Each structure stands twice: as C-alpha cells, then as structure tokens.
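A look at the structure
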Amino acid sequence: MLSSSPSVHNRVLAIIDNCVNLEHLKQVHANLIALGLGSTPFFVFKLIRCCTIRLGDIWYARHLFDKFTEPNVYMYNAVISSYTKVSDHGSAVVLYRDMIRENRSKPNQFIFSIVLKSWPEVLKSYGTDLVHAQVVKMGYSGDQAVQTAILDAYSRYTADICIARKVFDEMSDRSVLLWTSMISGYARTGQLENAALLFDEMPKEIRDTPSWNSIISGCAQNGFFSEAVEFFRRMVADERTGRGNKPNQGTFVSVLSALGNSGMLALGKSIHGCIYRNTISFDLFVSNGLIDMYGKCGSFKCSRTVFDTCLEKNLTSWNSLINCYALHGRTHEAISCFQDMQKEGKVKPDAVTFIGLLSACAHGEYVTEGYGYFDMMIKEYEVEPEIEHYGCLIDMLCRSGRFQEAMEILKGMRTPPDEVIWGSLLHGCKIHRGTSLAKLAIEKLIEIDPKNGGYKAMLANLYGEMGCWDSAQKIRAAMSEGSDYKALGCSWIEVENQVHKFHSVDKSHRRVEDIYAILGCLVDTSKLQFASFHAVELLAL
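1. Considering the environment of Tyr-381
Tracing the chain through its elements places Tyr-381 in the loop between helix 22 (367–379) and helix 23 (387–399). With 33 residues separating them in the primary sequence, Tyr-381 and Lys-348 have C-alpha atoms 8.0 Å apart. Excluding its chain neighbours within four sequence positions, the residues that come into contact with Tyr-381 are Gln-342, Lys-348, Pro-349, Phe-354 and Met-376. Within the local environment of Tyr-381, its side chain forms a polar contact with the side chain of Gln-342, the two groups lying 3.2 Å apart.

Below, the structure is given as structure tokens:
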C-alpha cells in the first residue's frame, strides 16, 4: 500500500516542506488525493502546518481541517495556534469549544497552553477558570508548561492576580519559568512592590536573564525608572562575581528606556559602552533604544549618529527620532526628519508618527503646517485621528491664542475630551490670559477627576485673579475639609551615575540634614563660597 511505503512518505514530506506558495501546496494536495493519501492524518496535519506557519493562509488551513472527517488533537492544535497568533481569539475559543462538545478529540498539554491565551480575552471574568477546571480534570495540572500558561492567564487582569498567586503558592516544584511568569504578572498589573518582593524571594541559583528582564522591564514600563536602573546594577554586579547572568538585548532595551525617561545621560553613555564591551549585536531593538535614550536626554547629535549608522531602519527608528525632536521643541528638525522619511519611501508613517509631528508643530506654533499634517494623515495615509492627535492640534491652536478654532475642533471630536485636552486648553489660557475659558477648562478637569486638589487649587487661584474672593474662599474651605489629593512636585539630579529624587516637603533622603545645611548657606550670601564648594560633593557621598 502506498501509504506504508517509506520512499513515498519521505518524498511527500520533502515536497510539502519545500512549498513556497498556495498554488504549489494545492498541487501537492491534489497529488496526495490521486495517490489515495488525501485522508492520511499525518499528511493532512503537515499540509495544515505548512498553510499556517510557512504560507500564513489560515483560511485554506481551516478549509483542509473542515474537510477532514476525524481531525486529531494535533490538527486542532495547529489551527487554534494560528488563530491565537493573529489575535483571532474568538475563532480559537469556538473551535476548542466544538472539539470538547462534540468529543472529537481529547485535549493535550500543548493545546491547553495555547487556548489559555485566548479564553481570558473572550471571557475575561471566568474564561481562565473554565480551562483551569478542564486542566485539572484531564490530569495536566502538574505539567510545567500548562502551569505557566495558567499563571500567565490569571495574571493578565488585576482582579485575578490574587488567584494567580494562590496557584503559584500551591505549586511545590517551582521552575524559573513559573517565578518569572508570576513576577511578570505583578508587573503587568502595576503591582511593582509585590513583583520586587517576589523577585527577592526567588532562589538566586535559578535566576536567569529572562527573570532579571521581567523585573527590569516591569519597573521601566510602570514609571519606576530609578528602580529599573538599580535592578540592572544588581544584575551586573552578580555577573561580575561569576555567578550571575549576562545582560542581553532585552535587558539593554529596558534599561535604556528607563534612562531616557529619567534623563540619565551619563549612565546612558556608560550603558552604550557596556553594549560594545559585551559584544551585544546592534539589532533594531537596541539601536532604537539608543536613539530614544539619547534623544529624550537631549543629546541629539548622539541620537542622530546612532540613527545614521543603522544598517536598517524601521518605522520605530524614524518615530523615535521625530518624537524626541518634538519632545524638546525642535520643530524644524522633526519636520525635516519626516520629510527625509518620505523621500526614502521605505516605510509608511503611522499614528505615532503624526503624534510626534503635531506635537512638534504645537511647540513651535506652526499652525499652518500642523493643519497640513493633520489633513495629510487622514486623506493621504488614511490614519484615523485619535484623541492624542486632537490633543496636539488643540494644544497648537491654544498656544497660538486661536481659542475659537480650538473649541470648534473640541466640539467636533468623536470621543469625549480627556484631561490632556482640557489641560492643553488651560495651558493656552494661562499664556494668553483667557480667564473665562480657563474657568471652563478647570471645571471640566474637576468633573473628570473630582478628588484632584490641584485642579481645585487652580480654580481658587483663578477666582482670586478675577476678584471673586468669596468663591475662592469657599473652594479652599471645601478642600481643607475634604479628602482631596494633590500630586507632589518632584525633581531629581544625577550625581556620579546615581539619581537623587526629591519631592516637595521631602525629608526622606539619607543626607537630608546636610542638604538643608547647604540650603541655609545659600540663603546666607556670606557663606555662598562654602556652599558652592561642597554642594556637588555632598550627593556623591
């Protein structure tokens, strides 16, 4: 029989593996049918895998699957996996549900690991619970890959993170993947304190580079930039002792993001040198991280040098440079960079590109150019305006004192204006002394965040400027009696590659007494020479 012939078997597999397009695959399928092998499960599975992985044609893969009368778990695995990869979670869930309901095949550990990525997306409240129950029923609760998938599924949402921790604590044999998954879950839901505590509890001997990356990237993504840098320092210190793990591209990308957002240029340059010394390949992720870091720190020459030396540039490379120019108000450079991108013609601008352009136009009050880029975004590149684009446009108009146009755009928005929109309007009113419109903006900000004492304080000050002292006094009295919060002012300084952060009325620094002594010297001009001599040395200790 042909199906049992090793030569035919190997020949068919070789032909399927060499398929380069769908027409070629269809010819192979037709020949298999002619040879009487069209219903052989293994060959059908290989055809489906070729469709999903090599050709990326999910539709034809599903066609092959539906034509097969008794698909096995491997065929289900291939199709469900392809749906998950393109985020078609609904189709993945329906196909898995039909498999269970019709009892056509029993799920294995591989399919559980895949469907656990889709069920929480479709049924957020109890999707993971359903699959978890089936895992226990089928006897796969001890499989490490399935355990990791369960933890990851529960930890996607803050409401389920406690369940994820309970599952983690009940596991007797915890691999490094489980520890890393739980730490990443805490970081994903913004619980950085718990993530850091769990990382410190993790046995040092099983820590690997991905586990370090999970805590470093978690800190960077949640705005804990100094903490991200500190964990990186610990990782490097451990590596130098010979018992640690070497940083990789992912590590450097995360720490560069933290350094760029905290403005630590000196340390950023040291990290750049560290990348060279560790012979880390300059892939696009690392190069884009360096462009972003240098640009956010204001070192445009270094940022442009890295950009120009990139052998390959993608959209993120261009966006990083444009947005860094915009961040520092370098409108001309941002527009010039965009024009260079258009001339090169290799990448197409997206929504992020136009946010950077419009922000640059707002900083430079390039109103005509801003309107032009907004129209270009919609008409030429078919990018649907989002609230960030409207925010930049309104900010640009308000900075230029064109409040009537700003209000017309605000009224025509498809989504309700957020704090950024009203904040932009308020900022323009402060520049051009537009008190009546400023009052409206502050009132809207208070509606959005009624517990924000900062907004109420601004309204009280505005009433004072308008001479409405009774109204100002009522607001201040209500603030003193209520439980409003006010974001504390914050500043930081980098000394000897160490960031020192200070909040308003903050006395938590370990050298606070010496710092206030120096401030006292600055007040007393007769001691000014002493203060200038010791001020920089003080924080370096």
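2. A look at the nonpolar core
Ile-48, Ile-80, Ile-215 and Tyr-373 are the most contacted members of the largest nonpolar core, which totals 152 residues. Look past the residues within four positions of Tyr-373 in its chain and what remains in contact with it is Ile-335, Phe-338, Gln-339, Phe-354, Leu-357, Leu-358 and Cys-361.

3. Some details on the environment of Arg-233
Position of Arg-233 among the secondary structure elements: in helix 14 (residues 225–240). Through-space distance from the C-alpha of Arg-233 to that of Ser-87 is 37 Å; in sequence the pair is 146 residues apart.

4. Some words on helix 23
With 13 residues, helix 23 ought to run about 18 Å at 1.5 Å a step, and its terminal C-alpha atoms sit 18 Å apart, in line with that. Where burial is concerned, most of helix 23 is hidden: eleven out of the 13 residues are buried. Taken residue by residue, helix 23 has His-389, Tyr-390, Gly-391, Cys-392, Leu-393, Ile-394, Asp-395, Met-396, Leu-397, Cys-398 and Arg-399 as its buried positions. In this fold, the buried residues of helix 23 make contact with helix 21 (351–364), helix 22, helix 24 (403–411) and helix 25 (419–432). Downstream of helix 23 by a residue or two, Gly-401 has a phi angle that is positive, lying close to 80°.

5. Digging into the side chain of His-89
Here His-89 lies in helix 6 (residues 89–101). In this structure His-89 touches Thr-84, Lys-117, Ser-118, Glu-121 and Val-122, once residues within four positions along its chain are discounted.

6. What about a nonpolar patch on the surface?
On the surface, Tyr-516, Leu-519 and Leu-522 cluster together into a nonpolar patch covering about 280 Å² of accessible area. Structurally, Leu-522 is set in helix 29 (residues 512–523).

7. Side note on the pattern of salt bridges
Overall, the coordinates contain 15 salt bridges when judged by the stated rule. Between Asp-340 and Arg-304 there is a salt bridge, with the nearest N and O atoms lying 4.0 Å from each other. Of this pair, Asp-340 sits in helix 20 (residues 331–344) while Arg-304 sits in helix 18 (residues 300–309), placing them 36 residues apart in sequence. What makes Arg-304 partly exposed here is its relative accessible area of 25%.

8. Topic: the packing of aromatic side chains
Within a pair of aromatic rings, the relevant descriptors are the distance that separates the centres and the angle that separates the planes. Under the counting rule described, the total for this entry stands at 16 aromatic pairs. Taking 6.4 Å as the distance between ring centres and 70° as the angle between the ring planes, the aromatic pair formed by Phe-45 and Tyr-74 counts as edge-to-face. Of this pair, Phe-45 sits in helix 3 (residues 41–55) while Tyr-74 sits in helix 5 (residues 73–85), and the two are 29 residues apart along the sequence. Look at Phe-45 and you get buried, because its relative accessible area is 19%. Look at Tyr-74 and you get partly exposed, because its relative accessible area is 47%. On the numbers, 4.7 Å between centres and 65° between planes, the contact of Phe-199 with Trp-212 is edge-to-face. One end of the pair, Phe-199, is in helix 12 (residues 192–201); the other, Trp-212, is in helix 13 (residues 209–221), and 13 residues separate them in sequence. Grouping residues by exposure puts Phe-199 and Trp-212 together as buried. Ring-pair connections join several aromatic residues into one group, and the members of that group are Phe-338, Phe-354, Tyr-373 and Tyr-381.

Parameters at a glance
- Residues numbered from 1 in each chain as written.
- Predicted model: local features only at pLDDT ≥ 70, side-chain atom pairs only at ≥ 80, totals over all residues.
- Heavy atoms only, no water.
- Helix = DSSP H or I, 4+ residues; strand = E, 2+ residues; numbered from the N terminus.
- Contact = heavy atoms within 4.5 Å.
- Polar contact = N/O pair within 3.5 Å; in protein donor to acceptor, adjacent residues only side chain to side chain.
- Core = buried A, V, L, I, M, F, W, Y, C linked by side-chain atoms within 4.5 Å.
- Buried < 20%, exposed > 50% of the residue type's maximum accessible area, 1.4 Å probe, protein only.
- Expected span 1.5 Å × (residues − 1).
- Patch = residues over 30% accessible without salt bridge, like charges linked within 9 Å, V, L, I, M, F, W, Y side chains within 5 Å.
- Areas by Shrake-Rupley, 256 points an atom, 1.4 Å probe, with all protein chains shown as cover.
- Salt bridge = Lys/Arg side-chain N within 4 Å of Asp/Glu carboxyl O.
- Phe/Tyr/Trp six-rings, centres within 6.5 Å; stacked < 30°, edge-to-face > 60°.

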